[in-house]
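# Coordinates in review
What follows is the residue order along each chain.
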Amino acid sequence: MTSNRFASICDRRRSPDRGGVLSLSKGEKGSVRRPSPIINNRFFHSGAQKPGFWPEAWLSHTAESPKSNELSAQARKNLVSPTGIFIALALTVALISGCAVATPSPTQTPTPTRAATATPTVTPTRTATPTPCPTATLTPTRTATPTPTPTATPTPTDTATLTPTPTHTATSTATPTPTATPTPTPTPTPTPLTIGQSVEGRAIEAHRFGEGRYKVVLVGDIHGGWEANTHELAQELLAHFETHPEEVPDEVSLWIIPTLNPDGLAADTRFNAHGVDLNRNADTDLDGCVGNDWSPTSYTSDGPQPGAGGAYPFSEPEARAARDFLADAHLVVFYHSSAGAVFAGGCRDNASSLRLATTLATGTGYDFPEEGWTGYPITGGFNDYLADLGIAVAEVELTNHEDTEFERNLEGVQAVLAAVEDIVTARDDGAPGQAHWLDEDNVTAYRYPVGTFPHPVSLAVDGDTLYMVDSGRLLRLNVGEAEPPVVMAAPGDTVAGLPVQELTDLALSPDGSLLVLDRSGEVLRYDTADEAWHRSDWETVAGTGGTYVTAVAADADTTYFLDTNRGQVWRVSGNRAVVVAEVSSSRGVDLAVDSENVYVLLREWPGWRPEVISYRAPGWEKVWTVSSGLDYPSALCAVADGLLYVLDSNDRRVLALDAETGETRAVYTFIDRDVTLRGCWPAEDGLLLIGPDVVYHQKPGFSPNETPSSPPEESKSNDTPAKTGKNLVSPPPVSEPDLDRLRGLTMPIAGMSLAQRLNLLPGAPRHYRYGVHQGTDFYIWPDGTTVTTSTEVLAARDGVVIRADGDYENPTQAQMDEWLATCRQEGYTPEDVLDGLRGRQVWLDHGDGLITRYAHLAAVADGLEVGSDVAQGQVIGTVGNSGTPRSLYDAEGGLHLHFEIWLDDRYVGQYLATVEIRRLLSKILR
């Protein structure tokens, strides 16, 4: 993160006030005793000898310090004297004889396990996206924490098994019993894992020691030749742990990456072969910090560096390799030079990162400045990116660009290794609520084949029956039973006389009926008693229309709807509908109710943090508002027993808020970094948590069995449930590799930004045609200027023209009437009608399954035709309103660009929760 060799201090932007954080002065650090690594070996504290390693008494004579191996002058004289020679020969013979007797033959030597298990496997064992077991049994088993995986993207396994199967991970092989040989056997060097390649094809390698649950990563060099001493330090640390693997605690997997920038190291430059500063290439736009968003122009002590941030976040192969490998890490330390200080990751007070930084400062003796970096802006830094994911991250700055300062940095690493669990589970001082750390001791996992429900967006539980909306479908499953989910409704079905387009939310009424929301704006009710579907035409009761309902909730015979367009919460009971609360327009994303309260979740907004607001009957006055303590909430799970459950922190934890006061009463967080949560529901005996293709059951004080209680059955195929005939398996809406395929798109209008109004984004209803919006609309620039028919439309990426409506003619009024009549009759927008309503269009094929569409154009650029190659930023047409109903009577009315992004035959945003859509588009459109 630091500047070039002419800078004397590191690149660290200013951090906010870190009140209450341990600050150590130079004097205090200087007085810290740095004990010998041998004396402090955690395995020798009790005096017991760890199997497979040597006693402390022997190790104390083989310490690595040169001084400890030096012989005094008198000793040297004794050795060269005749008596000394005789004594030395006698001792040598005795030692050789002893070794010959004590050293076992090859057949007697126990097979070492450390070297074998240190070589990482390339098949991940992720908890969040598991490879299904080929069995049909659903016996609950302990969710064994997987060995940290060598890659962030699991290899999917094809399977026809549709019954949930528990995952069981075999226990590690025991460490062999030590021999009596006084000479230690050298530990084989672990085979490094190649986690990626540089621009010029050099391997980026990670070396592993230990097999524990906590993934700790030391990154030696990200700034190439400018900080070559950090690469040397990493190599020295690597050599040390190759010699002393016993210093890695059992619960830790220690990884060392000597360099993330091998090209820059070879070329003696700060940048990679593309001229990009890899520590300015991360995506920090959504981390809630001010001034650190990724930028193509980065800064060093020499001033601005145009282009050094890269073309877009994670544009560089080295940055992507680091991102993917570190995604499931618990703790990461980056080494830089040359400020002689330690800096905690993130702009906000991240308890784990602060604990890590203070531990490093104490162990190394480096300064820990509370004010952070104040020199110049830091954009797109990995420290901020990883801290925003909840990873404990810190930077250690060496004092110059030449020395490695190995001894003090080794002590810093040893201090961290001794406190890993305390660092990972650290919380802010005075943080409200009880912390529940979830792992194999208190969670049972029921796993389903990959793709069964890859991305749930809403769920409800009735006894042992769980209902969820996933991939536009309504699924029903019985928790704990070895049966696949039943598809109750899916896109293309017709229920209650209405076509299902894309289901997005559901609510369970106390009478047992289900309310299900379609993105088209339709609300369907399923009566669980008679298994019949009905339409809920609440807008007729309310006397309104054109709403954008993002959430529904139910209480007794009363239904609530959150209209994000107007910022209103509607209460509908019988034939009466009233607005009971008003919130900021386009911010409302979710809704929950109990007997007398309504709770609304509002998303983040420029200048505003996300909020949860409570309103209480009968006057529906605002009772409380909570924003502090919320990171990135995406859903209000449920209200039960006086607690409101909130899915928060990029879907990695659940908060239980006091329904009366809004105070945090409990926090549920998985220790396993691979776990992604998609929903939660309180149960009588704990908490149900839903992830992609897995249901977790957290039971306080309950420890599940370690092995299945019944033998696995033969797997059975059930790809096509009889209910609908729809294939049960579905791919996730947007995976991390998909996101990389989408990154680097630029705005189709110069200077334009993404609208805050959710109604202009994909997934919004389009009532006039009974359909769902599949793209993003651009009407106005950030300064308030509206587009005109002269506004140029630009290619979002290099591509080939596959459609260009140069000879387009606008529909007649009769044709428009016929189209809209067809939509009313069918209850949705048929594809041929939708194509006509898009007006004049240009489509570009960018390869790799990516297509962009530009609609409602006033004109197509001269000479543009099918087969033409276009470059990113090239003019392909001008803004218009062609194909819209308004265009028939007002040639200048409602001018805008309708811009669609399609990947693998899905529009980007399909099947995502409302709050996720804008966050996704913010990452891919620049």
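Predicted, not measured: the structure shown is a model, and the values here were computed from it.

The rules behind the values
Residues numbered from 1 in each chain as written. Predicted model: local features only at pLDDT ≥ 70, side-chain atom pairs only at ≥ 80, totals over all residues. Heavy atoms only, no water. Phe/Tyr/Trp six-rings, centres within 6.5 Å; stacked < 30°, edge-to-face > 60°. Helix = DSSP H or I, 4+ residues; strand = E, 2+ residues; numbered from the N terminus. Buried < 20%, exposed > 50% of the residue type's maximum accessible area, 1.4 Å probe, protein only. Lys NZ or Arg CZ within 6 Å of the ring centre and 35° of its normal. Pairing = 2+ DSSP bridges. Axes fitted to C-alpha atoms, helices over the stretch in contact; angles between N-to-C directions. Disulfide = S-S within 2.5 Å. Expected span 1.5 Å × (residues − 1). Polar contact = N/O pair within 3.5 Å; in protein donor to acceptor, adjacent residues only side chain to side chain.

## With respect to the packing of aromatic side chains
Within this structure, the stated rule accounts for 16 aromatic pairs. With a centroid separation of 6.3 Å and 65 degrees between ring planes, the pair formed by tyrosine 560 and tryptophan 620 is classed as edge-to-face. Of the two residues, tyrosine 560 sits in strand S24 (residues 558-563) while tryptophan 620 sits in the loop between strand S29 (611-616) and strand S30 (621-626), which places them 60 residues apart along the sequence. Across the pair, tryptophan 620 and tyrosine 560 agree in class, each one buried. One aromatic cluster in this structure is built from Phe314, Phe334, Phe382 and Tyr385. The ring of tyrosine 214 carries the charged tip of arginine 213 above its face, separated from the ring centre by 5.5 Å. Across the ring face of phenylalanine 314, the terminal group of arginine 323 is positioned such that the distance to the ring centre comes to 4.9 Å.

## Section: the pairing of strand S19 (residues 503-508)
In terms of burial, S19 is largely enclosed, as six of its six residues are buried. Where S19 hands over to strand S20 (residues 514-518), the hairpin turn is made up of five residues, of which glycine 512 adopts a positive phi near 95 degrees.

## Some remarks on the sheet that holds S29
If you trace the four strands from one edge of the open sheet to the other, you get S27-S28-S29-S30, paired in antiparallel fashion. For this open sheet the edge positions go to strand S27 (588-593) and S30, each flanked by a neighbour on one side alone. Strand-to-strand twist of the sheet, defined as the mean angle between neighbouring strand axes without regard to direction, takes the value 20 degrees. With five bridges joining them, S29 and S30 adopt antiparallel strand pairing. Across the sheet, valine 612 pairs through a bridge with valine 626, a residue of S30.

## A word on the state of the cysteines
Scanning all chains against the criterion turns up one disulfide. Disulfide pairing places cysteine 637 opposite cysteine 680 at an S-S distance of 2.3 Å. Residues cysteine 637 and cysteine 680 are joined by a disulfide whose S-S torsion is about 115 degrees; by sign, that bridge is right-handed. Taken as a pair, cysteine 637 in strand S31 (residues 635-640) and cysteine 680 in strand S35 (residues 679-683) lie far apart in primary sequence, 43 residues in all. Neither residue differs from the other here; cysteine 637 and cysteine 680 are each classed as buried.

## Some remarks on helix H10 (residues 351-364)
Here H10 is 14 residues long and its end C-alpha atoms lie 20 Å apart, about the 20 Å a rise of 1.5 Å per residue gives. With twelve of its 14 residues buried, H10 lies for the most part within the structure. The set of residues buried in H10 consists of Ala351, Ser352, Ser353, Leu354, Leu356, Ala357, Thr358, Thr359, Leu360, Ala361, Gly363 and Thr364. The N-cap residue of H10 is asparagine 350: its side-chain oxygen and the backbone nitrogen of serine 352 are 3.2 Å apart.

## So, the environment of leucine 498
Along the polypeptide, leucine 498 turns up in strand S18 (residues 498-499). For leucine 498, a relative accessible area of 13% corresponds to the buried category. Residues leucine 498 and tyrosine 828, 330 residues apart in the sequence, show an inter-C-alpha distance of 8.6 Å.

## Description of the sheet that holds S31
Taken in spatial order, the five strands line up as S11-S34-S33-S32-S31 in an open sheet, and their pairing is mixed. Only two strands of the sheet have a single partner each, and these edge strands are strand S11 (434-438) and S31. Ignoring strand direction, the axes of neighbouring strands in this sheet form an average angle of 20 degrees. Strand direction decides the pairing type here: S31 and strand S32 (residues 643-648), joined by five bridges, are antiparallel. Residue pairing in the sheet places valine 639 in a bridge with leucine 644 of S32.

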